[in-house]
Amino acid sequence: MSSQKKRSSRIEPFRHRVETDPNFFEKAWRKLEDAIGEIYNHNASGLSFEELYRTAYNMVLHKHGPKLYDKLTENMKGHLQEMRTSIEAAQGGLFLEELQRKWDDHNKALQMIRDILMYMDRTFIPTNKKTGVFDLGLELWRDTIVRSAKIHGRLLDTLLDLIHRERMGEVINRSLMRSTTKMLMDLGSSVYQDDFERPFLEVSASFYSGESQRFIECCACGEYLKKAQQRLDEEAERVSQYMDAKTDEKITAVVVKEMLANHMQRLILMDNSGLVNMLVEDRFEDLTRMYSLFQRVHDGHSTIKSVMTSHVKETGRNMVTDPERLKDPVDFVQKLLNEKDKYDSIVTTSFSNDKSFQNALNSSFEYFINLNNRCPEFISLYVDDKLRKGMKEANEEAVETVLDKVMMLFRYLQEKDLFEKYYKQHLAKRLLSGKAASDDSERSMLVKLKTECGYQFTSKLEGMFTDLKTSQDTTQGFYAASSDLGDAPTISVQILTTGSWPTQPCSPCSLPPEILGVSEMFRGYYLGTHNGRRLTWQTNMGTADIKAVFGNGSKHELNVSTYQMCVLMLFNLVDCLTYRDIEQTTAIPAVDLKRCLQSLALVKGKNVLRKEPMSRDISDNDNFYVNDKFTSKLFKVKIGTVATQKESEPEKMETRQRVEEDRKPQIEAAIVRIMKSRRVLDHNSIVTEVTKQLQPRFMPNPVVIKKRIESLIEREFLERDKNDRKLYLYLA
Amino acid sequence: MAITGASEKVALQSLKASDWHLEGAFDVFYSQPQVAVTNFRRLEELYNRYKEPDAEMIMVEGISQLCEDLQVDPQDIVMLVISWHMKASTMCEFSHEEFIGGLQSIGVDSIEKLCEKLPALRAELKDDQKFREIYNFAFTWAKEKGQKSLSLETAIGMWQLLFAERHWPLIDYWCQFLQVRHNKAISRDTWSQLLEFVKTIDPQLTNYDEEGAWPYLIDEFVEYLIENGVVQHSK
């Protein structure tokens, strides 16, 4: 630095006079080159980091960056090629180990080299957009070793072979696998994917394709699924042990596809072991496994659902159309309940309460229950059976549970109004014959029906209960108020409000004088307190308890129907009567009288009358006598009418007809309601709307709806639109 | 009225239209489109010829006399057309107003003129719009007074008459079907919808639509035709 004599004060940049040693680069480089060699030879401890760093630093400073970089590249390549030779030479199992070892060496060396060349890494490289030292090292490794001709294929094959062996049950060196795959990942995810993952998946696909083919030929469905589950678990574990986590999803998809998706139909529909078989035999474990496995398959669940649905519908249809089953209504319904229970537990246990499965079941049940139009009647009979005296479930809780289950079946019925009619009939019989076991249970059932269908459904039924209670009070009142009854028989009267009880036309028969007297007194008493009402004795519905003394001395108390009482009382006056006599005197309708006489004379153990001739049929001139030889072990003999039975054909026709008649005004009311609010509507929309409105009670027939519309047109509630004949207009 | 030969009603109309000025009324009258000039007095004479001796109506005898004078059969469909012009409320009866009004609207005032008009009247049945009006009119006209529906027998008779004019190949099957399956009176809706059916649906029923909101009787008729192999079941 020379200072000039007071000329201009100029500050000039500091010029470092450096020896421009023409060999500077060569010398410096040789130093580094040697050092690198030592590093690769595991001799790094003898080196001075500071010196090497400075050397590199100077080189870059003197603008030798590009040359340094190139030399470095070349040098590393050289070392790597050496390593490659050694790896290639490794035999068999040692191949991977050698590769691993060299990789470790290279990594360590690379770190040190990077540290030494840190200055270049931070200045020259970014400015010139070159790959950083470390990454350069990786790239070189990749290109020189991993992707070298001899190593590339061998590496992949080795890995795949080991995996294959492990799949076949051998134990392999997992940590070696782990470090190898990690190496690939470190080289870049595309290296991992291209050089390992993709081929791995391909090979796995063909492996599982083959395996699944073999299994499916020899395994039953349940067994196969177990194996599939095993393999899936295995693969997941394998990935977690020595592969990149992202591979998990992909290999799972492969296994699912090869083992499950490709064979789905065949598995589910397999004879003797597929889904249907599992359902029939309640194989919960298999079903659970199937459910969870096929969850992963596209359309898996919908296939299961549809197979299950058709199976349930088929079994159901057979159940309801089997003539054998139809003979015992109570058993019939019990079987339905059992079936429902079975499938409910399957859905809960194996299908994790999946709503869509529950819905599929519901629609299947709804389908087949409505195939048999006697189901409403039968279900009512079942409930009747449960609610009568002397049923098996002694405690109320059990009855509650049963009723709740019956309500589930009830919901499936499309003809709820038909059920209502039968329920009313059966309830009336239960109440009047005193057979209702538990008032609480009866009321509980009513509440359930009310919750389901609304208050109109049950208001009349509730009326029946009220009537009985009131009747009790009235009878008590009668006896309290009348003191002059003397020897008259004790009566208990039930007064039924006409609208609430099922109507049965009845022409009163001729009552015996003893009864007539007291009953007229009752009538007088009642009408005295209830002005303006009309009472009609329903002689087809009553019962009587009679004390009888027979010719052989035996005494019994007979429980009989009112008709039977009228007949028997006749024999107090006369020993022998012909059928015609009885018919004339009692005025009982022929059909009922014949049945009544049959039950009195022809039933073993209850034959209080004797008939000549002994034939089953009753003709006009048959003679009847008291059976003086009558005996029975019991003092009280019940000869009343039989328990509620399912209807005979003609009765069934009649009930159905009445229900159809009742439906007509309901349909009309619905049509008028809809048209009143919509004013103008086309035919199909009316049908849809009406069906929707009436569905809770029954499914209206579109033809009937059409007829009702026409009737309304004629009565000028509606008219057709002049321009579009499919439109109807409401006429206010 | 004496000068123009117009009816009382028309005279009043013309006077009203011209604000009760006589001159103006003539203008109004002559400017109205008229088919022909009818003489009011002659119409009265004609009415008196046919009316019942002790009632203000023309009844069966009067009508048969009229038919004789016209030389037509009482069952001839032209009588229906004439009744339609008269807006007669029931068959076999014409009231005074109906008779007079009808002949006026036809534009005749004598038997000869009416005879001349007969072909034209028959031709009206060929016009689609008029046929429909006459067809629908026939229902009210043919049914019993006070009844809502038309008895089956009468209905069949009317249909056969009407569909002789406007040919419908299935008419015989229709009548057969009704007698075999229905045997009850015909409602107005069914009557008018049948014409729609005849007009829109071809005899092979290829364009019959089950969802077409046809009256159920027609739906049953279609079923009947299919059952008996008259048409093919298109589904």
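Residues numbered from 1 in each chain as written. Chains lettered and ligands numbered in written order. Predicted model: local features only at pLDDT ≥ 70, side-chain atom pairs only at ≥ 80, totals over all residues. Heavy atoms only, no water.

Chain B carries the name Defective in cullin neddylation protein in an unreviewed UniProt entry, which gives Zizania palustris as its organism. Reading the Function (unreviewed entry) entry of the UniProt record for chain B gives the comment "Neddylation of cullins play an essential role in the regulation of SCF-type complexes activity." (UniProt positions renumbered as here; feature names shortened; annotations may be inferred.)

Chain A carries the name Cullin family profile domain-containing protein in an unreviewed UniProt entry, which gives Zizania palustris as its organism. In its Sequence similarities (unreviewed entry) section, the UniProt record describing chain A reads: "Belongs to the cullin family."

Draft legend 1. Representation of the overall build of chain B within the structure. Scanning chain B from N- to C-terminus turns up twelve helices and two strands. The secondary structure elements of chain B, listed N-terminal to C-terminal, are α-α-α-β-α-α-β-α-α-α-α-α-α-α. Sorting the 235 residues of chain B into buried and exposed places 46% on the buried side. In chain B, 66% of the contacts between residues at least 6 apart in sequence involve partners at least 24 apart. Approximately 12700 Å² of chain B is accessible, and the part contributed by carbon and sulfur atoms is 51%. (Helix = DSSP H or I, 4+ residues; strand = E, 2+ residues; numbered from the N terminus. Buried < 20%, exposed > 50% of the residue type's maximum accessible area, 1.4 Å probe, protein only. Contact = heavy atoms within 4.5 Å. Areas by Shrake-Rupley, 256 points an atom, 1.4 Å probe, with all protein chains shown as cover.)

Draft legend 2. Region of interest: the environment of Ala428 of chain A. Secondary-structure assignment places Ala428 of chain A in helix 21 (residues 416-432). Sequence separation of Ala428 of chain A and Glu583 of chain A is 155 residues, and the distance between their C-alpha atoms is 28 Å.

Draft legend 3. Spatial organisation of the pattern of salt bridges. All names here are of chain A. Throughout the structure, instances matching the rule amount to 74 salt bridges over all chains. For Lys448, the salt bridge goes to Asp404, with nearest N and O atoms at 3.0 Å. With a gap of 44 residues between them, Lys448 in helix 22 (residues 439-453) and Asp404 in helix 20 (residues 396-412) connect regions that are remote in the sequence. By relative accessible area, which is 39% here, Asp404 ends up partly exposed. Each of the salt bridges in this network shares a partner with another, and the network as a whole consists of Glu166, Arg167, Arg174, Glu211, Arg231, Glu234, Glu235, Glu237 and Arg238. (Salt bridge = Lys/Arg side-chain N within 4 Å of Asp/Glu carboxyl O.)

Draft legend 4. Spotlight on helix 22 of chain A. Residue and element names in this part refer to chain A. Its 15 residues place the ends of helix 22 21 Å apart at the C-alpha level, agreeing with the 21 Å of an ideal helix rising 1.5 Å per residue. All of the buried residues in helix 22 are Ser441, Glu442, Ser444, Met445, Leu446, Lys448 and Leu449. Where helix 22 is buried, its residues meet helix 19 (375-387), helix 20, helix 21 and helix 23 (455-481). Within two residues after helix 22, Gly454 carries a phi angle of roughly 95 degrees, on the positive side. (Expected span 1.5 Å × (residues − 1).)

Draft legend 5. Structural detail: the sheet that holds strand 6 (residues 636-638) of chain A. Residues and elements named next belong to chain A. The mixed open sheet is built from three strands, whose spatial order is 1-2-6. Two strands close off the open sheet at either side, each with one partner strand: strand 1 (543-549) and strand 6. Put simply, the sheet's adjacent strands are angled 25 degrees from each other on average, direction ignored. In the sheet, strand 1 pairs with strand 2 (residues 555-561) via seven bridges, with the strands oriented antiparallel. Paired with Thr543 across the bridge in strand 2 is Ser561. The strands touched by helix 25 (residues 562-570) within the sheet are strand 1 and strand 2, with strand 2 carrying the most contacts at an inclination of about 130 degrees. (Pairing = 2+ DSSP bridges. Axes fitted to C-alpha atoms, helices over the stretch in contact; angles between N-to-C directions.)

Draft legend 6. Focus on the nonpolar core. In terms of nonpolar packing, the biggest core is built from 142 residues, with Leu117, Met120, Trp141, Leu155, Leu225, Phe294 and Tyr423 of chain A touching the most fellow members. Apart from the residues within four sequence positions on either side, Tyr423 of chain A is in contact with Ser380, Val383, Leu387, Arg430, Glu442, Met445, Leu446, Leu449 and Leu461 of chain A. Counting 70 residues, the second-largest nonpolar core is a separate cluster that includes Tyr50, Tyr135, Leu152 and Met158 of chain B. (Core = buried A, V, L, I, M, F, W, Y, C linked by side-chain atoms within 4.5 Å.)

Draft legend 7. Region of interest: unusual backbone geometry. In this structure, the amide linkage connecting Glu612 of chain A to the following residue, Pro613 of chain A, adopts the cis form with an omega of -5 degrees. Positionally, Pro613 of chain A belongs in the loop between strand 4 (609-612) and strand 5 (623-626). One non-glycine residue, Asn183 of chain B, lies in the positive phi region at around 55 degrees. Relative to the elements of secondary structure, Asn183 of chain B occurs in the loop between helix 10 (171-182) and helix 11 (188-200).

Draft legend 8. Representation of the pairing of strand 1 of chain A in the model. Residues Ala544, Ile546 and Ala548 of chain A of strand 1 of chain A are buried on one face, while the alternating residues Thr543, Asp545, Lys547 and Val549 of chain A, pointing to the opposite face, are not. The loop that links strand 1 of chain A with its antiparallel partner strand 2 of chain A comprises five residues; one of these, Gly553 of chain A, has a positive phi angle of about 95 degrees.

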